Protein chains: 2
Amino acid sequence: MTESKVHPLTGLSSAEIKRAAAILQNIYHKNDGVLEKLRFQHITLQEPPKELLMLYLDAECAGVEASERPFVPRLAEITYREPDGPTYMKTVVSLDTDTEVSTIRSQQGQHGGLDRAEVIETNIKILTDPDVRREIAKFNLPENVTVQCDTWPYGSDNSSEPDHPKLIQCILYARASHNHPESNQYSFPLPISPVYDPFQKKLVRIDPIATGGKEDGLAYRTVPADVALAHCTENEYFAELQKTPQRKDLKPLLIVQPEGVSFDVQDGSLVSWQKWSFRVGFNWREGMTVHDVRYDGRKVFYRLSLSEMTVPYSDPRSPLHRRQAFDLGDAGAGSCANQLALGCDCLGSIHYFDSWLSDDQGNPVHAKNVICLHEQDGGIGWKHTNPRTDVAAVTRKRVLILQSIITVGNYEYIFAWQFQQSGTVEFDTRATGILATSLIDAGKTSYWGNVVSPGVLATNHQHLFCLRIDPMIDGSNNSFIQEEAVSLPMDGDNPHGNAWKIRKTPLERSGFADAAPLQGRIFKIVNEKQLNPISGNPVGFKLVPQPSQLLLADPMSSVHKRARFAEHHLWVTKYRDGDLWAGGLWTNQSLNEIDGVADYAARNENVRNEDIVIWHTYGLTHHPRVEDYPVMPVEAISVSLHPADFFDKNPASDVPVSTQSANSSVLVPYNGTSSSDIF
Amino acid sequence: MTESKVHPLTGLSSAEIKRAAAILQNIYHKNDGVLEKLRFQHITLQEPPKELLMLYLDAECAGVEASERPFVPRLAEITYREPDGPTYMKTVVSLDTDTEVSTIRSQQGQHGGLDRAEVIETNIKILTDPDVRREIAKFNLPENVTVQCDTWPYGSDNSSEPDHPKLIQCILYARASHNHPESNQYSFPLPISPVYDPFQKKLVRIDPIATGGKEDGLAYRTVPADVALAHCTENEYFAELQKTPQRKDLKPLLIVQPEGVSFDVQDGSLVSWQKWSFRVGFNWREGMTVHDVRYDGRKVFYRLSLSEMTVPYSDPRSPLHRRQAFDLGDAGAGSCANQLALGCDCLGSIHYFDSWLSDDQGNPVHAKNVICLHEQDGGIGWKHTNPRTDVAAVTRKRVLILQSIITVGNYEYIFAWQFQQSGTVEFDTRATGILATSLIDAGKTSYWGNVVSPGVLATNHQHLFCLRIDPMIDGSNNSFIQEEAVSLPMDGDNPHGNAWKIRKTPLERSGFADAAPLQGRIFKIVNEKQLNPISGNPVGFKLVPQPSQLLLADPMSSVHKRARFAEHHLWVTKYRDGDLWAGGLWTNQSLNEIDGVADYAARNENVRNEDIVIWHTYGLTHHPRVEDYPVMPVEAISVSLHPADFFDKNPASDVPVSTQSANSSVLVPYNGTSSSDIF
């Protein structure tokens, strides 16, 4: 039995991971009689059913002792492969009863994502394969230069068979001639791509990659192999390898909290700060999650998470046309989470959260420093100067940042939840890292991307994220309302034509909506049963959607059909346990989005005054600039949730005003030599 | 004669202001023979013609000694009123020759804005007027409570006569019963509005203000005067007056630069930082301006400024239907600039710029600390973790902030130029302060705004800003290109439907364009004669426009016709000296936008490979939330200019990587009491 003291949202401990693996292995042996070991992918906490968990959280919030709170089952979710076949299983085992609770089997053509063990194995097999080595040798690379292999999900296209096997598309790059391990391989992209079968454990074939430009269409090799990379040059992001010296004129800037931090972390994952409280979660797929978000004890959000993302590329030349990553479903934001380092990833006074992942043997793997928590100054919070007295009242906006960074091959994503004293919650998505590149012949340019370094084509692509917002605005039953500002005719009620009205459209049935910033369209999540005592409006939170360009791929393309969540900016669904995956449970090589958010929405359920979930798709269409190479300056996109008639005044009114005695700023005097009159 | 050493972009000194006033007064006397003193509004530097200034700046950049640089005239621009009439004049005098250089006379119905002397005079006259006092007495306010007066531009409507006189619309508010000078008057809005004539120096009439709700239409008084404000309650932002105590759990957060700052200010206004250099300017109308922006010596922007803004309100009930401020033209962002205080408005090591304004007598007025300059940590600049070695390279993004804050009656605006190491320049606009309010009867609600405090209707409104960007991307001749990502048909060249193309549309003639984020539309300012050596594209900067809702007022309304700059997100014009005012030179009580950006654009000039100016209109449609009262949490909107194939790599590649030894972060250990397994 599990220790009674563990909070139901606390991630599995290392001991629980071991026990979950043993329970399943044991059941498998019993059912099967064979002693072959299971091939584990992931072992993680299966969050309890909402109905049970909510009772527990309410009791907790009411101050009921842990031992007196309602029973909540302790469950582990295990993704694994049967030893003898291509079927993936997602099984839930009870840590209370040591039994199997439920199992989902992957169907024909459905595959688990790429895990770490598979990536390592593929690298070894491909880079030692004689056929691959023979092809590499043709490129006349400097002697002893290491060729490296990026393992891409194979993706799919319109010719993919429904029973296609799991494959891995390998993209090869060479290091610079000095062969330093931190050399930026993306400057030397090889124009061949081995395809690996991780079940048969063998090379399937070697695809050529086209290197032509606008004039060459879809044609492949346009120059002899031995000179194909001759025009590529080293282009390094790693300081020691750069040819120009680092800047020397940047003075240190430190963030100091002499009295310590303003936040508190209890029970391993319960954060409280400036009237906010929430639980931090972490799992292999979504990475960081946020639960039971309350302000001054009032319910705001039940669960906040990034559900999925897809990164399709625009090069139509095979095999690049299949390049489309689902970084959560195919790789896992938790599995790819960076171990953050003090003084490098954050500045100031930082708290880190650790967690546990698992390996292919079902052993726990310590995921150290995968989430960090710190305060930040966010500029002025509010200000007013009384023009009659010249007395200014100004506060600074303190922000609490919960951050996680993931590396998925070449790219980095920085995800951060920002909590503000004014009741606003923001989700920041930042992209950095290195562009996915392919080889282009000297002097050519392409429709499909930009030449960012000699011989290096950085392909145009989109990043489309889907944020899952499970609200509980003063309770579980909420509604979703579209609001727009609408011009009014110039008539008797509007004689001078200055007036407009707010058009409010509540969503009645599960479905979708789209951003329309030019119509001033915003959305509100409200509790229609709770009216604001001042305004008389239902209490709510306002979602200002990002009006990003949606999926560009043809609606009949496999790229599009696999990522229907990116057809619309917003989806509203009625809550069901387990409806977590905007792009479906099995994204790797999917042909369609099966059981994704479009399917949840298609149930056509009542979503007015119901337990609803809001999904927001947003992203970036990225046409690489030369400045995005060799490493990309952070590109940021934020989604905001603002209280809207939730409170009876600005909840940050009581933030102490900003004073020099508290802030100890330093005057930088004018040190110039010109005359006394200031400029 | 002026001192030869002054840089041509250095603002007028106090001595120069005095001298400019004397020159004009002297000319006026000579012409007129009368000894009556001129009524000055503003005296400021008239920036030199670009043709001359550019030669000077090029010489300066080339290292030519100040005394050897080409001659540039030193000019002062004086806005004043003739003593005996309603005509405003904008005259330029030469400080080199003590002569008048040019004069613009306001035409029939054109008026200068409201200056400080006028505001003070109006307050005194209105609040001591017996008719006004008699009306105020009817409201049965607590004894000895002070009534205060906000002076609004009178605006215009479709019935305004072309020769309408300059008027001031006064909005009256009462303090709370304790009559503290910092009491928030906006909680006690009086339903009467005196109209004042600043030429006749007398009350014109007292307008009633409607207090009804949805059911009352345009009707006026709905309750007896003596109980009209009875339901209003105190709602304070000023700490000492708030009924609930301030938060006590916010620990100090300091920004410390132990080795000093990384920027340098020379010659009073020349800033250099991290390869950027620029001149800071300041004038009564635009406030902060930025000039001669270069990166590593390369020309980027000739001049950056906020040109105009308009704030129309949506209440159709007279006189509120005329409520539309042009905060630059009517009031002046420089005239309204806050004197910033160390430790209050900024955090860290701050340099302040002072400037000089002038009063109605033509005397210089010291404008202390009107702009501040400081460095800020902007989070991660770029990061990549090599998944093969787990070696992370991460830099922090240092940002240089040039900031000014203005108070225009109830509202505050925070404007900030942000310079980044990656070559990006951002303009941040933040709105805070107090909502404009009017009285609403107890228990009623309105189409035109939200009840944010008992009896307090905060009217819906828009803030529409127009940013003026005068580029010089590697030289003065630039082009403006619209770019979109366009889906391609699934066909032989795009067999699997994943591809899209970039559609580039250069603007040939001066005109406008609009944001279209769902089409991925962005704009590039490029130099078509300078190709990037890596990509072959013209060097440029990318403008990502804010896709804000544009002006909601009816196209035939006066509100709309006065602010044609807010009809489109983007305008492109051919440069002419003096084309600075998006909403026209005389905005106060204007009936139409005369000689504004729409007129500049209508010249239909060639704008390809020409000296062009880009104007970007963006803003907020603000439907007040209860949370926006009694003081509004900052609402922010940013416009970004990113280098796009301007450099041959990420210019921030050489920023030193982030290390704990440089950053001295502090580990906040887990201080909880739960078991050792981390959550």
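Quick notes on the rules
- Residues numbered from 1 in each chain as written.
- Chains lettered and ligands numbered in written order.
- Predicted model: local features only at pLDDT ≥ 70, side-chain atom pairs only at ≥ 80, totals over all residues.
- Heavy atoms only, no water.
- UniProt positions renumbered as here; feature names shortened; annotations may be inferred.
- Helix = DSSP H or I, 4+ residues; strand = E, 2+ residues; numbered from the N terminus.
- Rg over C-alpha atoms; globule rule 2.2 N^0.38 Å.
- Contact = heavy atoms within 4.5 Å.
- Areas by Shrake-Rupley, 256 points an atom, 1.4 Å probe, with all protein chains shown as cover.
- Buried < 20%, exposed > 50% of the residue type's maximum accessible area, 1.4 Å probe, protein only.
- Pairing = 2+ DSSP bridges.
- Least-squares fit on C-alpha atoms with pLDDT ≥ 70 in both.
- Core = buried A, V, L, I, M, F, W, Y, C linked by side-chain atoms within 4.5 Å.
- Domains from an automatic or database assignment.
- Axes fitted to C-alpha atoms, helices over the stretch in contact; angles between N-to-C directions.
- Buried area = accessible area lost by both parts, 1.4 Å probe.
- Salt bridge = Lys/Arg side-chain N within 4 Å of Asp/Glu carboxyl O.
- Polar contact = N/O pair within 3.5 Å; in protein donor to acceptor, adjacent residues only side chain to side chain.
- Nonpolar A, V, L, I, M, F, W, Y, C, P; charged D, E, K, R; others polar.
- Phe/Tyr/Trp six-rings, centres within 6.5 Å; stacked < 30°, edge-to-face > 60°.

Chain A has the name Amine oxidase in an unreviewed UniProt entry, where Talaromyces proteolyticus is given as its organism. Of the comments in the UniProt record for chain A, the one headed Sequence similarities (unreviewed entry) reads "Belongs to the copper/topaquinone oxidase family." Per UniProt, chain A carries the Subunit (unreviewed entry) text "Homodimer."

Trainee: Can you explain the overall build of chain A? Please cite residues and give values.
Mentor: Counting its regular elements, chain A contains eight helices and 33 strands. In terms of overall dimensions, chain A is globule-like: its C-alpha atoms have a radius of gyration of 27 Å, near the 26 Å expected for 679 residues. Projected onto the principal axes, the alpha-carbon positions of chain A cover approximately 85 × 80 × 60 Å. Expressed as a percentage of contacts within chain A between residues at least 6 apart in sequence, the contacts between residues at least 24 apart total 67%. In the form shown here, chain A has an accessible surface area of approximately 22,700 Å², with 52% of it arising from carbon and sulfur atoms.

Trainee: Can you lay out the pairing of strand S22 (residues 449-453) of chain A for me, pointing to particular residues and giving the numbers?
Mentor: Residue and element names in this part refer to chain A. By the criterion of burial, S22 is predominantly enclosed, with five of the five residues buried. For S22 and strand S23 (residues 456-459), the ladder comprises four bridges, and the chain directions are antiparallel. Along S23, the bridge assignment pairs Val-451 with Leu-457. Between S22 and S23, which pair antiparallel in sequence order, lie two residues; one of them, Gly-455, sits at a positive phi of approximately 80°.

Trainee: So what's going on with the relation of the copies chain A and chain B? Residues and values would help.
Mentor: After a rotation of 180° and a shift along the axis of 0.0 Å, chain A superposes on chain B with an RMSD of 0.0 Å. The transformation just described matches what one would write down for a two-fold rotation axis. For chain A, the minimum C-alpha distance to the rotation axis belongs to Ile-255 of chain A and amounts to 2.4 Å. Of the interface residues in chain A, 99% have counterparts in chain B that sit at the interface too, so the contact is made through matching surfaces.

Trainee: Summarise the nonpolar core; cite the residues concerned and give the values.
Mentor: Taken as a class, soluble globular proteins show a tendency for nonpolar side chains to be buried jointly. Residue and element names in this part refer to chain B. Grouped together as the largest cluster of nonpolar side chains are 92 residues, with contacts concentrated most on Leu-402, Tyr-413, Trp-417 and Phe-419. In terms of residues, this core owes the most to one element, strand S14 (residues 298-312), which gives six residues. The residue makeup of this core includes at least three contributed by each of domain 2 (116-241) and domain 3 (264-314 + 325-439 + 459-476 + 518-644). Setting aside anything within four residues of it in sequence, one finds Phe-419 in contact with Trp-273, Trp-276, Phe-278, Val-290, Val-293, Arg-398, Val-399, Leu-400, Thr-424 and Val-425.

Trainee: I'd like a description of the sheet that holds strand S4 (residues 100-105) of chain B, backed by residues and values.
Mentor: For sheets, the rule is that strands pair by backbone hydrogen bonds, running either parallel or antiparallel. Residue and element names in this part refer to chain B. Spatially, four strands are ordered S1-S2-S3-S4 in an open sheet, and the strand pairing comes out antiparallel. The sheet is open, and its two borders are formed by strand S1 (39-46) and S4, each paired with just one other strand. This sheet shows a mean twist of 20° between the axes of neighbouring strands, independent of strand direction. Pairing of strand S2 (residues 75-81) with strand S3 (residues 88-94) involves seven bridges; the strand directions are antiparallel. The partner of Arg-81 across the bridge, within S3, is Tyr-88.

Trainee: Please set out the interface of chain A and chain B residue by residue, giving values where relevant.
Mentor: In this assembly, 198 residues from chain A lie in contact with 196 residues from chain B. Summed over both sides, the interface of chain A with chain B buries roughly 16,300 Å², with 55% coming from carbon and sulfur. For the pair chain A and chain B, the interface holds six salt bridges. Here Lys-383 of chain A ties to Asp-345 of chain B by a salt bridge, and the two come within 2.6 Å at their closest N and O atoms. The interface formed by chain A and chain B contains 102 residue pairs in polar contact (both at pLDDT 80 or more). In terms of residue count, strand S17 (residues 364-386) of chain A provides more of the side of chain A that touches chain B than any other element does, 13 residues in total. Looking at side-chain class alone, the side of chain A that touches chain B contains 89 nonpolar, 78 polar and 31 charged residues. In this sheet, strand S16 (residues 349-358) of chain B lies alongside strand S33 (residues 666-667) of chain A in parallel orientation, the contact comprising two bridges. If you follow Val-666 of chain A over to S16 of chain B, its bridge partner there is Ser-349 of chain B.

Trainee: Please set out the UniProt feature "active site" (unreviewed entry) in chain A residue by residue, giving values where relevant.
Mentor: Residues and elements named next belong to chain A. UniProt annotation of "active site" (unreviewed entry) refers to Asp-327 and Tyr-411 when read in the numbering used here. The greatest C-alpha distance among the annotated residues, which extend across 85 residues, is 10.2 Å, indicating that they converge on a single site. When you line up the elements, Asp-327 lands in helix H5 (residues 327-331). The contacts of Asp-327, once residues within four sequence positions are left out, are Glu-308, Met-309, Val-311, Gly-332, Ala-333, Val-408 and Tyr-413. Mapped onto the elements of the fold, Tyr-411 is located in strand S19 (residues 411-420). When residues no more than four places from it in sequence are discounted, the contact partners of Tyr-411 are Tyr-313, Ile-406, Ala-431, Thr-432, Gly-433, Ile-434, Leu-435, His-461, His-463, His-622 and Met-632. Among the polar contacts made by the side chain of Tyr-411, one reaches the side chain of His-461 at a distance of 2.7 Å.

Trainee: How would you sum up the pattern of salt bridges? Please name residues and give values.
Mentor: Residues and elements named next belong to chain B. Taken as a whole and judged by the stated rule, the model has 89 salt bridges over all chains. With a closest N to O distance of 3.2 Å, Glu-567 and Arg-564 form a salt bridge. For Glu-567, a relative accessible area of 24% puts it in the partly exposed group. For Arg-564, a relative accessible area of 33% puts it in the partly exposed group.

Trainee: Any chance you could break down the environment of Pro-165 of chain B for me, citing the residues and the numbers?
Mentor: Residue and element names in this part refer to chain B. Position of Pro-165 relative to the elements: it lies in the loop between strand S5 (147-153) and strand S6 (168-174). On a C-alpha basis, the gap between Pro-165 and Lys-248 in space is 53 Å, while along the polypeptide they are 83 residues apart. Each residue touching Pro-165, except ones within four places of it in the same chain, is listed here: His-111 and Gln-589.

Trainee: I'd like a description of the sheet that holds S23 of chain A, backed by residues and values.
Mentor: Residues and elements named next belong to chain A. One open sheet holds the three strands; their spatial order is S21-S23-S22, and the pairing between them is antiparallel. Bordering the open sheet on either side are strand S21 (437-439) and S22, each of which pairs with just one other strand. Averaged over all pairs of adjacent strands, the angle between their axes in this sheet comes to 40°, without regard to strand direction.

Trainee: Residue-level account of the packing of aromatic side chains, with values.
Mentor: Here the structure, examined in full by the defined rule, presents 45 aromatic pairs over all chains. An angle of 70° between the planes, with centres 4.9 Å apart, marks the rings of Tyr-295 of chain A and Phe-647 of chain A as edge-to-face. Of the two residues, Tyr-295 of chain A is situated in strand S13 (residues 287-295) and Phe-647 of chain A in the loop between strand S32 (632-644) and helix H8 (660-663); the sequence distance between them amounts to 352 residues. Like Tyr-295 of chain A, the residue Phe-647 of chain A is buried in the burial classification. Aromatic pair Phe-415 of chain B and Phe-427 of chain B: ring centres 5.9 Å apart, planes at 10°, arrangement stacked. Highlighted residues: Phe-415 of chain B in strand S19 (residues 411-420) and Phe-427 of chain B in strand S20 (residues 425-433), separated in sequence by twelve residues. Take Phe-415 of chain B: its relative accessible area is 5%, and that puts it in the buried class.

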